[in-house]
Amino acid sequence: MKKEIICTVCPMGCHILVEGEGENIISVTGNTCKRGEVYASAEFCHPVRILTTTVKTDCEKTPLVAVRSEKPLPKEKIMDCMEVIRKVEVKTPVSMYDVVVENICGTGTNIVATGNV
Amino acid sequence: MMKTDVVVIGAGAVGCAIARELSKYDVDVIVVDKRDDVGGDASKSNSAIIHTGYDAAPGTLESQLVVAANPMYDQLTKELDIPFKRIGAVLPAFTDEQFEQLPAIKEKAFKNHVYDVEYLSKEEILAKEPELNPEVKGGLYIPRESLIDPFILVQALAENANENGVDFMLNTEVTGINVENGAIKSVETTSGTIETTYVVNAAALHCDDIAAMVGKADYKVVARRGQFYILDKNTSCKVQTIVLPIPTKITKGKLMCPTIHGNMLVGPTAEDLDDKVDTSVTTEGLNSIYADVSKMIPNVNLRDTITQYSGLRPNRNPEGLHVDVYDDLAGYVNLSGVRSTGLTLCVAMGKYVVEKLKEIGMNVSLKDDFKATRKGIPIFHEMSREEQENIIKEDPLYGTIVCRCETITEGEIMRAIHRPLGARTVDAVKRRVRAGMGRCQGGFCGPKVIEILARELNVPTEQINKNLDGSYMVVGKNK
Amino acid sequence: MYNFECDVAIVGGGPAGLSAAVAAKKEGAKKVLIIERDESIGGILQQCIHPGFGLSYFKEELTGPEYAGRFAKEAVELGVEFLLNSMVLEVNENENTVICVNSEHGMTEVKAKSIILAMGCRERTRANIMIPGARPAGVYTAGSAQRLVNRQNQMVGKKVVILGSGDIGMIMARRMTLEGAEVLAVIELMDYLAGLTRNKVQCLDDFGIPLYLSHTITKIDGYQRVKGVYFAQVDENKKPIKETEKYIECDTLLLSVGLLPENELTRKAGIEMNPITNGPKVNQYMQTSAESVFACGNVVHVNDLVDNVSTESMKAGKFAAQYAMGTLPMATKKVENVSGENVRYLCPHSLSVAEENEKVTLYFRVLHPELNATIRVKSGDEIIATKKRQRVNPGEMENITFDTSLVKDNNVVVEVVKEA
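Quick notes on the rules
Each chain has its residues counted from 1, running along the sequence as written. Lettering for chains starts from A, numbering for ligands starts from 1, and both go in the order in which the items are written. Only residues with pLDDT of 70 or above have their local features reported here, since the model is predicted, and side-chain atom pairs are shown and tallied only from 80 upward, although totals for entire chains, interfaces and linings are computed over all residues. Each helix is a run of DSSP H or I of at least 4 residues and each strand a run of E of at least 2, with the numbering of both proceeding from the N terminus. The globule rule used here is 2.2 Å times the number of residues to the 0.38 power, and the radius of gyration it is set against is calculated over C-alpha atoms. Buried, partly exposed and exposed are defined by the number of other C-beta atoms within 10 Å of a residue's own C-beta, namely 20 or more, between the two limits, and 12 or fewer respectively, with C-beta atoms placed from the backbone. Each residue is represented by a C-beta atom placed from its backbone, and any two residues with such atoms within 7 Å are regarded as in contact. As a per-residue measure, pLDDT tells how confident the predictor is, with possible values from 0 to 100. To get an axis, fit a line to the C-alpha atoms, keeping to the stretch in contact for a helix; angles then go from 0 to 180 degrees between the N-to-C directions. Angles below 35 degrees are treated as roughly parallel, those above 145 as roughly antiparallel, those between 65 and 115 as roughly perpendicular, and all remaining angles as oblique. Two helices cross in a left-handed way if the nearer one is turned anticlockwise from the farther one by less than a right angle. They cross in a right-handed way if the turn is clockwise. At least two DSSP bridges between two strands are needed for those strands to be called paired. Under the scheme applied here, ten amino acids are nonpolar (Ala, Val, Leu, Ile, Met, Phe, Trp, Tyr, Cys and Pro), four are charged (Asp, Glu, Lys and Arg), and all others, including Gly, are polar.

(A) Inspection of the overall build of chain A at higher detail. A count of helical and extended segments in chain A gives two helices and ten strands. Scanning chain A from its N terminus toward the C terminus, one meets helices and strands in the order β-β-β-α-β-β-β-β-α-β-β-β. Expected size for 117 residues packed as a compact globule is a radius of gyration near 13 Å; at 18 Å, chain A overshoots this value by more than 25%. When the 117 residues of chain A are sorted by exposure, 31% land in the buried category. Restricting to contacts in chain A with at least 6 residues of sequence separation, those with at least 24 account for 43%.

(B) Layout of the confidence of the model for chain C. Across chain C, pLDDT averages 95, with 100% of residues at or above 70. On the interface metric, ipTM, the complex scores 0.93, and its pTM is 0.94.

(C) Focus on unusual backbone geometry. Cis geometry marks the peptide bond from Asn 317 of chain B to Pro 318 of chain B, where omega comes out at 0°. Along the chain, Pro 318 of chain B turns up in the loop between strand 20 (305-317) and strand 21 (322-326). Omega for the peptide link from Cys 347 of chain C to Pro 348 of chain C comes to 0°, which places this bond in the cis form. Mapping Pro 348 of chain C onto the fold places it in the loop between strand 24 (345-347) and strand 25 (350-353). If you check the backbone angles, His 113 of chain B has positive phi at about 65° while not being a glycine. As for its placement among the helices and strands, His 113 of chain B is situated in the loop between helix 4 (96-111) and strand 7 (118-121).

(D) Spotlight on the packing of helix 1 (residues 15-27) of chain C against helix 8 (residues 306-325) of chain C. Residues and elements named next belong to chain C. Closest axis-to-axis distance for the helix 1/helix 8 pair is 7 Å, and the angle between their directions is 40°. Classified by the angle between their axes, helix 1 and helix 8 sit oblique to one another. The two elements helix 1 and helix 8 meet at a crossing, and its hand is right-handed. Contacts between helix 1 and helix 8 pair Pro 15, Ala 16, Ser 19, Ala 20, Ala 21, Val 22, Ala 23, Ala 24 and Glu 27 from the former with Val 306, Val 309, Ser 310, Ser 313, Met 314, Ala 316, Gly 317, Lys 318, Ala 320, Ala 321 and Gln 322 from the latter.

(E) Local environment of the environment of Ser 56 of chain C. Residues and elements named next belong to chain C. Relative to the helices and strands, Ser 56 is located in the loop between strand 3 (51-53) and strand 4 (62-63). The class for Ser 56 is exposed, based on 12 C-beta atoms found within 10 Å. Sequence separation between Ser 56 and Leu 305 is 249 residues, and the spatial gap between their C-alpha atoms is 9.0 Å. With residues near it in sequence (within four places) discarded, Ser 56 still touches Leu 305 and Asp 307.

(F) View of the sheet that holds strand 3 (residues 24-29) of chain A. Residues and elements named next belong to chain A. As summarised here, the arrangement of the three strands in space is 1-2-3, forming an open sheet in which the pairing is antiparallel. The open sheet has two free edges, formed respectively by strand 1 (2-6) and strand 3, since each of these has just one partner strand. Shown here is a sheet whose adjacent strand axes are inclined to one another by a mean of 30°, direction ignored. Of the pairings in the sheet, the one linking strand 2 (residues 15-21) to strand 3 comprises five bridges and is antiparallel in character. Along strand 3, the bridge assignment pairs Leu 17 with Thr 29. Here helix 1 (residues 34-45) sits on the sheet in contact with strand 1, strand 2 and strand 3, set at roughly 50° to strand 2.

(G) Here's a closer look at the interface of chain C and chain B. Taken together, the contact between chain C and chain B spans 39 residues of the former and 47 residues of the latter. Of all the elements in the fold, those that place two or more residues in the side of chain C that touches chain B are strand 6 (87-92), strand 7 (97-102), strand 8 (106-117), strand 9 (121-123), helix 4 (142-150) and strand 11 (154-155) of chain C. The element best represented in the side of chain C that touches chain B is helix 4 of chain C, accounting for five residues. By residue class, the composition of the side of chain C that touches chain B is 16 nonpolar, 14 polar and nine charged.

This is how it looks when you write it as structure tokens:
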């Protein structure tokens with residue numbers, strides 16, 4: 001399988017072509033630096049993203065608190081995670097980095113608050 | 001069934017002026033309008049000028065009413081606390097042909113009983129208006145052409161009428177008029193039937209549709225769209241007066257003038273439309289404004305625009321301002337041909353229509369408890385520091401600035417909502433206290449205004465409209 | 001009138017104001033006050049809940065609230081004081097006072113030894129770019145929509161088109177998608193992306209949102225609420241090509257068409273402005289034409305990274321503190337910084353050169369993208385600094401550093417040339 005990946009490591013935005021199968025990378029071409037190769041390989045095998053969104057609070061004045069995944073989550077699980085987070089309501093007070101959802105969707109990553117309410 | 005003496009259809013400048021005039025008498029009045037707010041269509045998107053009538057067709061009803069109305073504004077705007085400024089207009093001539101037209105224009109003004117039009121030499125006109133194209137040859141000065149806040153004018157007339165007993169039914173469309181034995185019987189609306197003796201059709205753009213309901217539509221209304229630019233208060237090129245072009249046979253042309261609040265207004269176009277709703281702005285229209293106005297004012301900087309809008313003037317075909325009553329339809333007064341001069345002549349029209357109603361049998365006498373004055377919302381940014389200090393002590397919400405561009409406080413917005421005929425929509429707030437009227441066009445204060453309206457009206461935010469039904473601002477709570 | 005005295009008064013508690021306050025305190029200013037119009041500090045970062053902040057400053061990827069939170073915490077620990085819910089009405093450079101208003105104290109006069117302007121910027125509107133068509137509800141600037149969605153829990157619409165490929169626009173494309181809306185298109189007038197490539201990848205490509213470069217909206221449809229938009233490809237003069245016009249049904253149009261520094265107070269105070277940046281002219285101390293007034297962050301020029309804002313604002317804070325304490329270096333000559341080939345503007349705009357050598361960094365944007373470019377600083381006939389860049393691009397701020405001791409002339413020229 002071949003996949004074109006636009007590198008986001010620096011503003012160059014190289015279009016990198018990765019060839020491989022699953023975990024097995026055959027070739028990486030089009031990158032102009034080593035960091036690009038590392039990025040493209042990871043993006044090919046296991047694309048991950050930090051998920052940021054909001055969670056409802058029980059406070060009328062501040063109805064939302066911003067949250068993030070502590071670590072990047074598998075890209076394909078993002079929408080499933082959103083479904084879970086959408087249903088959560090946190091009790092105030094809540095502080096920066098309080099865990100809001102533990103081990104979201106079995107990913108081993110917590111969803112934590114990024115604000116104080 | 002609701003019962004009244006007079007139904008006025010249309011809550012624009014004319015409808016509200018008639019209502020206010022009627023409110024001096026012992027008569028029950030209901031004003032109906034299909035919009036969310038008083039202020040109509042044409043009355044809220046025009047050039048905001050109180051004309052003298054210098055260029056009207058002499059001897060016409062329009063000439064008579066405009067000329068009579070202009071002097072009324074000094075007292076009216078004091079009584080009703082309406083921003084108003086007599087800044088005067090100049091009419092510059094740039095070509096020999098235009099220059100030769102000046103005596104005829106002055107003479108026409110004279111025939112309209114506008115006696116104070118003056119000639120200006122090149123030096124005089126440039127002294128009054130330094131931004132004019134220096135090729136100007138001279139011109140005319142019309143001292144009593146004036147600026148007004150057109151929103152506040154209509155609100156003030158309506159609020160004062162309301163305080164003196166007139167009822168307003170907004171979001172209410174007239175669907176039919178019932179006639180019995182050659183006389184008005186009742187008006188059918190989307191909010192129910194109103195039994196009434198008199199109907200005044202002041203529906204402007206839609207007055208032909210209303211007239212058709214009683215079989216009196218012997219004319220058509222064509223919407224003539226006028227597009228405008230509003231420029232930032234800080235724009236690099238400002239005019240000091242109302243700069244009017246010398247009209248051609250085809251058009252009155254495009255003008256540039258300050259607004260009462262210190263912005264610059266440039267326009268309008270004049271495009272006849274096939275429908276009565278298309279208040280779009282178009283690239284061609286906006287470009288034509290620059291093409292024309294830059295001939296008079298070469299440095300006009302339309303890049304400093306903070307908004308563009310268009311208004312629809314009701315243009316009667318055949319032309320002419322008419323106030324008609326009918327032998328075979330007792331109790332019905334039909335207004336048609338009220339065009340851009342309507343904003344000026346509305347107050348004279350109020351008196352004229354009341355006289356008409358008396359002529360056709362309305363037997364009324366003046367009330368002794370009529371309250372002639374109305375107080376506007378105290379404007380924070382116009383106050384001295386000491387006054388600001390005092391009003392915050394009285395009402396701490398005056399210490400919370402909601403609209404940064406125009407420095408409008410929550411106190412002012414609260415008053416806009418909680419006064420007679422108070423604001424129910426985002427635009428209605430804007431037209432009362434100018435929140436969202438500035439250079440960010442509600443980018444910062446819009447979200448806050450939605451919240452305040454929802455809180456004060458005790459409805460969910462998705463029920464807050466920009467203006468008309470269906471113009472919802474948000475779809476509701478996200479989670 | 002309520003009175004307050006301090007050494008350094010800062011107008012605005014966003015990332016610029018917070019960074020400046022921290023630096024002013026660290027430099028030794030005793031009483032530092034931030035005046036903030038919102039009910040909490042952090043400014044626009046409070047609604048920028050997405051990641052991508054802090055990569056250059058903290059060397060880790062933070063969200064907006066976390067980034068602001070770090071500076072806020074530091075500011076609080078250092079004893080910076082705050083006036084919240086307070087709108088500044090007037091900056092008076094002659095008397096070194098700031099007049100502000102809030103519900104609690106009413107009218108308030110803050111007297112300071114130096115003042116830092118850190119009001120940030122606002123979004124360009126529909127009117128600024130003159131989009132033709134009707135004027136219905138449902139046309140929002142991306143930032144207003146972001147505030148409604150991320151702070152007020154209000155969903156602005158269900159079917160969304162975004163005009164402009166600026167970062168906020170792309171980020172809102174992802175945000176709206178995550179919250180269940182359908183984002184149908186991102187439309188960009190230029191033939192290149194306005195924002196960062198990473199945002200195209202992570203906000204558009206990840207969700208299959210189409211990006212139309214060299215396109216624009218030709219008409220907004222709908223009289224009550226947006227019903228749809230017409231859009232078309234543009235020719236080389238950016239004029240829509242009528243034959244390519246298409247219609248998208250949608251209920252919401254978000255605009256991400258640029259930011260403008262918010263300088264009403266600056267103008268009112270009579271401070272000299274730069275017509276290209278729409279911000280005050282500053283020297284390398286971030287000092288404006290009024291010597292006690294400094295400025296930093298997006299109020300001076302619109303930055304793409306908050307990290308740059310912090311770096312620049314720390315300078316403003318440091319030098320405003322020095323000014324307050326009377327230790328700011330005395331200038332022996334003033335040098336104008338001049339934009340040369342492919343440079344849109346430079347910031348700072350001038351240098352206040354003192355006896356002692358200083359390293360100064362000039363920030364700038366190029367006019368058009370270029371590959372294999374060399375950035376050169378010239379003083380007189382001499383080239384006093386060069387820097388090679390594989391790629392430069394108007395969306396990303398560039399910079400170059402040099403020694404003031406090398407400046408021979410009354411001006412320096414910065415240019416970006418393609419390598420031979």
